[in-house]
Amino acid sequence: MDKNPSGEDNDDIDWDTEDELEIQKIQDTVFSSCTNLRTTGQHVVCGNGEASSSSVPFQSSKFIQQFVVMGFTEESIAKAIEQNGENSDLVLDALLTFKALDDSPEEQPSTSPQLEPSISSDDSFSEYNENILDDVYEEDSWSSDSDNCINPVGRCYLNDEGSSLSGKEKTLLFLANMGYPEEEGSIAMKRCGPEASLPELVDFICAAQMARAEDPYLPEDVKPKLKHILNDFGGYKKRKMYNGLCKRKKPREISAEEETIRLPKPMIGFGVPTEPVPTMVQRFLPKKTIGPPFFYYENVALAPKGVWDTIKRFLYEIEPEFVDSRYFSATQRKRGYLHNLPIENRFPLFPLPPRTIHEALPLSKKWWPSWDTRTKLNCLQTAIGSAKLTDKIRKAVEKYDDEPPLEVQKYVLYQCKKWNLVWVGRNKVAPLEPDEVEMLLGFPKNHTRGGGISRTDRYKSLGNSFQVDTVAYHLSVLKDLFPDGINVLSLFSGIGGGEVALYRLGIRLNNVVSVEKSEANRNIVRSWWEQTNQRGNLIHFDDVQLLSRDCLEKLIGSFGGFDLVIGGSPCNNLAGSNRVSRDGLEGKESSLFFDYVRILDDVKAIMSRHR
């Protein structure tokens, strides 16, 4: 899952909307600085088009001559003054911009970008259009493909020989070549006004980016650095800033190690209950890995290229099993599972869980529009859509008596898929409630509720957990192998997804050593253990890095060894949505995978010696 650090419990914080309110506050500050005056001919004209009582003679002005002697043409100087008034700094900035545009023909192709709007440009829809910037994904938005470039939200630039660029299109193209998404450029032009200079547009976009630095889900250790960079950038004098901006900003190149792997289609691993396996699965297990102790490791499937090869290399060259939980539940969850469990005679949990959105959330069916064709939810994340976003969608949809225009439908579906929003009333969408997430992931109702855990931490804990039905299908082979119960070493155990799966399979838990750093998660597992009247022993440790070989020796000596070592190390540095620290297995959190390997090797070595 994406890394989304939980906030501190604070009754005064509305964690759903605080970040977006901060964005609005910063944007409002920038909006107020945008000029609403423009010069036309020999009169200063106010924003409403009425001439003021004062007029300024143009041609004889000394103001113009100071730029003429710098080598600028009178035509460009007049244009700069028309846009910025008699402000030396702004006029100079504009002149430098014009010169940069004239000197950079490669950045002004003769082709015209045909902009396919992703939402309506109708005036009645302006509020909806202006606020898209708050909610779009933060993804790379510029491609080097010279023929057809598509950005993350589906907008397309198509070559059209023989057409010319308008002023607005040139500005958008120039901003895009500097690395700014087209949506941000369009919104900046709309909010700052058609006469706004390029520096003002850049300032507006930078302000919005600064607001993102206040995102409560951004890692705390990254915020100070990001704020410093953005504040420093935004604090430059415009002339100095523009010298850098006029150089084309290259997109971040993705190295071979950062490319994601190709996943099998369909993602059914070595088989799922609802889909036929097309061919006989042949699986090779090294002799030293056959039999107890069994191990089971899980992580995100869409990791950077090379990650799963490394995982496989450290776990005895066993092929991972890639499975999407959409075959077990109403939500997608693409995960890789690497284990030495048998794959014959598996069976699912009963009763079978709901497989579609309407089966899982029947009350939503009444309000579900026909143009929302989703039957499955996307991967459940550690954060939810904000109240501001759901209100924006309501206002957009309720403007139309019948179905909204296709552009509006596309935008609403984009946000609904991104945040797993469901329809709860006429024109009303809402994020999933924690108990609904528990049900979709196979946990008992109220599993994460109470005991001092905040709503924020409930979403975080659930988002980082196993999908119980999927994991239980893989672990079901253990029921016949351990009729008298099982001893489990649960690493990174979170809210106990592995333990819940074994319990629901009817496998008695004799001894469980649970290693989990989060105190809130440890409390959840302890509470579940007591409420389900477990008769075995639950032993907690809080840090895998401190689980030494000597400690494992004592544990194994006390109850004869472990039958199963299960866990999934943090995916913080592996998840595709992490644009800050997607460092693979070298990342601070995801490098804990190597502690899983260390502990597993120690357990195997100690148990082989005891035999």
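In the block above lies the structure referred to throughout.
Since we're looking at a predicted model, the values are computed, not measured. (Residues numbered from 1 in each chain as written. Predicted model: local features only at pLDDT ≥ 70, side-chain atom pairs only at ≥ 80, totals over all residues. Heavy atoms only, no water.)

Asks: Before we go on, may I ask you to explain the overall build of the protein in this structure?
Replies: Helices and strands together make up the secondary structure of the protein, namely 22 helices and 14 strands. Burial statistics for the protein: of 611 residues in total, 53% are counted as buried. Considering only residue pairs separated by 6 or more positions, the protein has 72% of its internal contacts joining residues 24 or more positions apart. Only carbon and sulfur atoms are counted for the fraction: they give 50% of the accessible area of the protein, which is about 29,800 Å². (Helix = DSSP H or I, 4+ residues; strand = E, 2+ residues; numbered from the N terminus. Buried < 20%, exposed > 50% of the residue type's maximum accessible area, 1.4 Å probe, protein only. Contact = heavy atoms within 4.5 Å. Areas by Shrake-Rupley, 256 points an atom, 1.4 Å probe, with all protein chains shown as cover.)

Asks: Whenever I open this one, the state of the cysteines confuses me. Can you help?
Replies: Across all of its chains, the model carries 0 disulfides by this definition. Free of any disulfide, C571 has its nearest neighbouring cysteine sulfur in C379, separated by 8.7 Å. Taking relative accessible area as the criterion, C571 reaches 9% and is therefore assigned buried. (Disulfide = S-S within 2.5 Å.)

Asks: Is there a simple way to explain the packing of aromatic side chains in this structure?
Replies: We describe a pair of aromatic rings using the distance from one ring centre to the other and the angle between the two ring planes. Across all of its chains, the model carries 15 aromatic pairs by this definition. The interplanar angle of 65 degrees and the centroid separation of 5.3 Å between the aromatic rings of Y297 and F593 together place this pair among those described as edge-to-face. One end of the pair, Y297, is in strand β6 (residues 294-300); the other, F593, is in helix α22 (residues 593-610), and 296 residues separate them in sequence. Of the two residues examined, Y297 and F593, each falls in the buried class. (Phe/Tyr/Trp six-rings, centres within 6.5 Å; stacked < 30°, edge-to-face > 60°.)

Asks: Looking at this structure, I do not really get unusual backbone geometry. What am I missing?
Replies: Excluding glycine, most residues fall at negative phi; most peptide bonds, likewise, are trans. Cis geometry marks the peptide bond from K265 to P266, where omega comes out at -5 degrees. Assignment of secondary structure puts P266 in the loop between α10 (238-245) and β6. Each neighbour pair has its own omega, and for F350 with P351 the value is 0 degrees, a cis peptide bond. Considering the arrangement of structural elements, one finds P351 in the loop between β8 (334-339) and α12 (357-360).

Asks: Mind showing me how you'd approach empty space enclosed by the protein here?
Replies: Over the atoms, a rolling probe the size of a water molecule traces out where space has been left empty. What the rule picks out here adds up to 4 cavities of 30 Å³ or more. If you add up the space inside the largest cavity, you get close to 110 Å³. Lining the largest cavity are 13 residues, with L380, Q381, A383, I384 and L432 sitting closest to its centre. At the level of secondary structure, the elements contributing two or more residues to the lining of the largest cavity comprise α14 (406-419) and α16 (455-463). If one sorts the elements of the lining of the largest cavity by residue count, α16 sits on top with 3 residues. Residues belonging to the lining of the largest cavity are distributed by class as follows: 9 nonpolar, 3 polar and 1 charged. (1 Å grid on protein atoms, 1.4 Å probe; cavity = no way out; pocket = protein on both sides within 12 Å on 5 of 7 lines; lining within 4 Å. Points joined across faces, edges and corners; volume = space filled by probe spheres on them. Nonpolar A, V, L, I, M, F, W, Y, C, P; charged D, E, K, R; others polar.)

Asks: In this structure, what is going on with the sheet that holds β8? I would like to understand it.
Replies: Two orientations exist for strands paired in a sheet by backbone hydrogen bonds: parallel and antiparallel. The mixed open sheet is built from 7 strands, whose spatial order is β7-β8-β6-β14-β11-β12-β13. Among the strands making up the open sheet, the edge pair consists of β7 (321-324) and β13 (537-541). Across the sheet, the mean angle from the axis of one strand to that of its neighbour is 20 degrees, orientation sign disregarded. Two strands pair when backbone bridges link them, and strand β11 (residues 486-491) and strand β12 (residues 509-515) are joined in this way by 6 bridges, in the parallel orientation. Bridge pairing in β12 places S490 opposite S514. Helix α11 (residues 307-314) contacts β6, β7 and β8 of the sheet and is inclined by roughly 20 degrees relative to β8. Here helix α21 (residues 549-559) sits on the sheet in contact with β11, β12 and β13, set at roughly 180 degrees to β13. (Pairing = 2+ DSSP bridges. Axes fitted to C-alpha atoms, helices over the stretch in contact; angles between N-to-C directions.)

Asks: Explain the packing of helix α13 (residues 387-397) against α14 to me, please; I cannot follow it from the model alone.
Replies: In helix packing, the relevant descriptors are the interaxial angle and the interaxial distance, both defined with respect to the helix axes. Remark: α13 packs on α14, axes separated minimally by 11 Å, with the N-to-C direction vectors making an angle of 155 degrees. By the criterion of interaxial angle, the relationship of α13 to α14 is roughly antiparallel. Our pair here, α13 against α14, has a crossing hand that is left-handed. The segment α13 lies against α14, with L389, K392, I393, A396 and V397 engaging V408, Y411, V412, Q415 and W419. Here the contact of α13 with α14 is built from residues that sort into 8 nonpolar, 1 polar and 1 charged. (Parallel < 35°, antiparallel > 145°, perpendicular 65-115°, else oblique. Left-handed = near helix turned anticlockwise from the far one by under 90°.)

Asks: Got a minute to help me understand the packing of helix α15 (residues 434-441) against α16 in this structure?
Replies: Relative to each other, α15 and α16 sit at 15 degrees, their axes nearing to 10 Å. Judged by the inter-axis angle, α15 sits roughly parallel to α16. Regarding α15 and α16, the two cross each other, and that crossing is left-handed. In this structure, α15 contributes P434, D435, V437, E438 and L441 to the contact, and α16 contributes R455, R458, Y459 and L462. Grouping the constituent residues of the contact of α15 with α16 by class yields 5 nonpolar, no polar and 4 charged.

Asks: Mind showing me how you'd approach the nonpolar core here?
Replies: The tendency in soluble globular proteins is for nonpolar side chains to be buried side by side. Counting 64 residues, the largest nonpolar core has L475, L478 and L564 as the members making the most contacts within it. By size, the runner-up hydrophobic cluster in this structure holds 41 residues, among which are A301, I311, I318 and L600. (Core = buried A, V, L, I, M, F, W, Y, C linked by side-chain atoms within 4.5 Å.)

Asks: Hey, could you run me through the side chain of D324 in this one?
Replies: Within the secondary structure, D324 sits in strand β7. D324 sits in the buried class, given a relative accessible area of 3%. In terms of polar contacts, D324 uses its side chain to reach the backbone amide nitrogen of R333, at 2.9 Å. Sequence-distant contacts of D324, that is, excluding residues within four places in its chain, are made with M267, Q332, R333 and K334. (Polar contact = N/O pair within 3.5 Å; in protein donor to acceptor, adjacent residues only side chain to side chain.)

Asks: How do you make sense of the pattern of salt bridges when you look at a structure like this?
Replies: Note on pairing: side chains with opposite charge can pair once their charged atoms come close. Enumeration over the complete set of coordinates arrives at 13 salt bridges. We note a salt bridge from E321 to R346, for which the minimum N-O separation is 2.9 Å. Of this pair, E321 sits in strand β7 while R346 is found in the loop between β8 and α12, placing the two residues 25 residues apart along the sequence. An identical accessibility class is assigned to E321 and R346; each is buried. Notably, a salt bridge pairs K334 with D324, separated by 3.6 Å at the nearest N-O pair. On the criterion of sequence distance, the pair formed by K334 in strand β8 and D324 in strand β7 is long-range, its members being 10 residues apart. A residue is classified by how much of its surface remains accessible, and K334, at 30% relative accessible area, is partly exposed. Here the residues in one salt-bridge network are D391, R394, K395 and E398, joined through shared partners. (Salt bridge = Lys/Arg side-chain N within 4 Å of Asp/Glu carboxyl O.)

It is worth stressing that arrangement in space is one thing and function is another; only the former is reported here.
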